[in-house]
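# Understanding the architecture of this molecule
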Amino acid sequence: MRNCALYSSQFDLDQLLELIQSIYPQDKIIRKEDKTHIQVIRKKWLSKTTKGFNIMTSQTHPEEFASMMNGMMGFMSQIEGRNPALQEKVLIKCSTLNMVVGIETEEDISEEFFQELLKLAQGLDAVIFWGGGSLLNAQGQLLLDVNGESEVEDYQVTAHTSLLDDVRPPSETGTRRKENSESIMATQGIPFNVHLPARAGDEHTTIRSVEEVAQRAVALCIAALKGECLGAGESAEDTATLVQEVIDKYDAASFFSPAEKRFIEQHEAQQQEVITFSWGYEAYHVMLWALGYVDELGAPVELCNVGQAVGHLQQKDSFEEFLAGASLRSKSEILDAADLIYRYNWVCVNSRINEQTPPAGLNGGVAYERHRALNWLICYMDQGWDDVRTDT
C-alpha cells in the first residue's frame, strides 16, 4: 500500500519538521526552501531508501486546499455510516483540517513505516487517509470506510483553533438564530462580529435531559458553596461539615465531575481554585434558567443574585423534589440562548485581547461561565463538564 496521507488541523510547518526529526534522528533530512516538501534519506551499507512528505496547507495553497477538502467532505458525507454519531464527528474533524501531508515512498508501506506514520499522526493530532477510501484515527483504528464501517464507537474531536464551533454546513434554523442574535445585540448597541458563523441548528443538536441538568445544577451549587465559604475565611473543618450535609441532603455524591470531586474531597484549596469554583454560581444560574426556576437570563452584565439562586435549591428537601419542580425549556429556547452568549462572549474576549472595557456593561466573567454552561446544555462536542470548550 502506497496511497496514504495525513490530515491535521495544525499548519505549523516548523513543528512538522521537528516531529519528523524526532522520528528519524539518525537519518538525513532535507526540506525545500518553501517548506512544502521533506525528504528522509536512510543510508545503508550498499543501498539507501527515501521517504517523502509532500505538504499542502490552507495557508500555502488556499484554493487547492479548499477544493480538496470540499471534495473530501462531499465524499465522506455521502457514505451511509453504521454509526451516524461517529460519522458526524468525523465530518466535523474534516472541517477543521488545515494541512495534508502526502506520503511518498519507493515501496509499499511496511509495518515499520506505518508505526512511524502513527507517531507522526499522534504528534499532529491527525487522521490518516488510507488506501481506497478508509479514514483511520491517530492510533491506526478505522474511523470510517466506503462501506460505512468503523472499528471504534466514539471519537473525540480536537482542532488547532476555534474551528470546532459549528463547522457543519449552516442550517436554516442556525442561520435564522444568528440573525436574531445580531438583531438583539444591535438593539442593545453592542458591536458584533458578522463573520462569526451560524451555530448548529435544531436538527443537529441534542439537549441534556432534565435529570442531567438538575444534577449538574446541584453539583455546581455545592462546589460553589465550598468556594464561597473558603473565600469568606470559614475554616476548612466547618466548610467540610456544611458541604457534606448538603451533599447528603440531596444525595449528590455521584453528581460531581472529576475536577469537582477532587475539590470537594480535599481539605483545603488554593486561592485560584476557590475563585474558579465560586464562579460556578453563574453556571448554576444558567441551569436554574434551563430548568424553569429562573424566568430570564438577560445580557451577561451583572453577577447573579447568589442568595436568590441558592434559595431555589434550599427550599427543596430532596433532589427528587428539586427535580419534580423543574420544567426543562425547549430546545429552541436553549439554542437561542447558546447562540446569543456565543456572540456576547466573542465581544468580551475581543475586548480583553485589545485591552478594552467590554461595551454596554458586558461582564467577561459572567459571559464565559454562561457560555460554558450553555455549551454543556447543547452537548457541544459531547464533552463532559470539565472539558467543555467556549470557542469564539
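## Description of the sheet that holds strand β4 (residues 48-57)
As summarised here, the arrangement of the eight strands in space is β2-β3-β4-β5-β1-β6-β7-β8, forming an open sheet in which the pairing is antiparallel. Each edge of the open sheet is held by one strand with a lone partner, namely β2 (28-31) and β8 (142-144). With strand direction ignored, the average angle separating the axes of adjacent strands in the sheet is 25°. Both strand β1 (residues 4-8) and strand β6 (residues 127-130) contribute to a ladder of four bridges, which runs antiparallel. Each residue of the ladder has a partner; that of Ala5, found in β6, is Phe129. Lying on the sheet, helix α1 (residues 13-23) is in contact with β2, β3 (37-43), β4 and β5 (99-105); it crosses β2 at an angle near 165°.

## Points about a negative patch on the surface
On the surface, Glu211, Glu245, Asp248, Asp251 and Glu320 cluster together to form a negatively charged patch. If you trace the backbone, Asp251 turns up in the loop between α7 (236-249) and α8 (258-265).

## Things to note about the side chain of Lys226
With respect to the helices and strands, Lys226 occurs in helix α6 (residues 210-231). Within the buried core, Lys226 has no salt-bridge partner, and the shortest N-O distance to an opposite charge, that of Glu273, equals 8.2 Å. Beyond its immediate stretch of four places on either side in the chain, Lys226 contacts Thr239, Val243, Phe263, Ile264, Gln266 and His267.

## Re the packing of aromatic side chains
Across all of its chains, the model carries seven aromatic pairs by this definition. Relative to Phe129, the ring of Tyr7 has its centre 6.5 Å away and its plane inclined at 75°; by these criteria the two rings are edge-to-face. Here Phe129 lies in strand β6 and Tyr7 lies in strand β1, a separation of 122 residues in the sequence. Summarising the burial analysis for this pair, Tyr7 and Phe129 share the class buried. When the ring of Tyr293 is compared with that of Phe322, the centres are 5.0 Å apart and the planes differ by 0°; the resulting orientation is stacked. In this pair, Tyr293 sits in the loop between α10 (280-290) and α11 (306-314) while Phe322 sits in helix α12 (residues 319-324), placing the two residues 29 residues apart along the sequence.

## A look at helix α3 (residues 84-95)
The end-to-end C-alpha distance of α3 is 16 Å, a good match for the 16 Å that twelve residues give at a rise of 1.5 Å each. Buried within α3 we find Leu86, Gln87, Lys89, Val90, Leu91, Ile92, Lys93 and Cys94. Against the buried residues of α3 lie α2 (62-78), β6, β7 (134-136) and β8.

## Let's talk about the pattern of salt bridges
All told, the structure shown has 18 salt bridges when counted by the stated rule. With a shortest N-O distance of 3.4 Å, Glu172 and Arg176 are connected by a salt bridge. Residue Glu172 and its partner Arg176 are both found in helix α5 (residues 172-187); the two are separated by four residues, about one turn of the helix. Glu172 sits in the exposed class, given a relative accessible area of 65%. We classify Arg176 as partly exposed; its relative accessible area is 45%. Between Lys261 and Glu265 there is a salt bridge whose closest N-O contact spans 2.6 Å. Taken together, the positions of Lys261 and Glu265, both in helix α8 and four residues apart, correspond to about one turn of that helix.

## Section: the confidence of the model for the chain
Residues of the chain with pLDDT of at least 70 account for 96%, and the chain-wide mean is 89. Ignoring residues within four places in sequence, the model shows residues 161-168, a span with pLDDT below 50, making 30 contacts including any to other chains.

How each quantity is defined
- Residues numbered from 1 in each chain as written.
- Predicted model: local features only at pLDDT ≥ 70, side-chain atom pairs only at ≥ 80, totals over all residues.
- Heavy atoms only, no water.
- Pairing = 2+ DSSP bridges.
- Helix = DSSP H or I, 4+ residues; strand = E, 2+ residues; numbered from the N terminus.
- Axes fitted to C-alpha atoms, helices over the stretch in contact; angles between N-to-C directions.
- Contact = heavy atoms within 4.5 Å.
- Patch = residues over 30% accessible without salt bridge, like charges linked within 9 Å, V, L, I, M, F, W, Y side chains within 5 Å.
- Areas by Shrake-Rupley, 256 points an atom, 1.4 Å probe, with all protein chains shown as cover.
- Salt bridge = Lys/Arg side-chain N within 4 Å of Asp/Glu carboxyl O.
- Lys, Arg positive; Asp, Glu negative; His and termini not counted.
- Charge placed at Lys NZ, Arg CZ, Asp CG, Glu CD.
- Buried < 20%, exposed > 50% of the residue type's maximum accessible area, 1.4 Å probe, protein only.
- Phe/Tyr/Trp six-rings, centres within 6.5 Å; stacked < 30°, edge-to-face > 60°.
- Expected span 1.5 Å × (residues − 1).
- pLDDT = per-residue confidence, 0-100.

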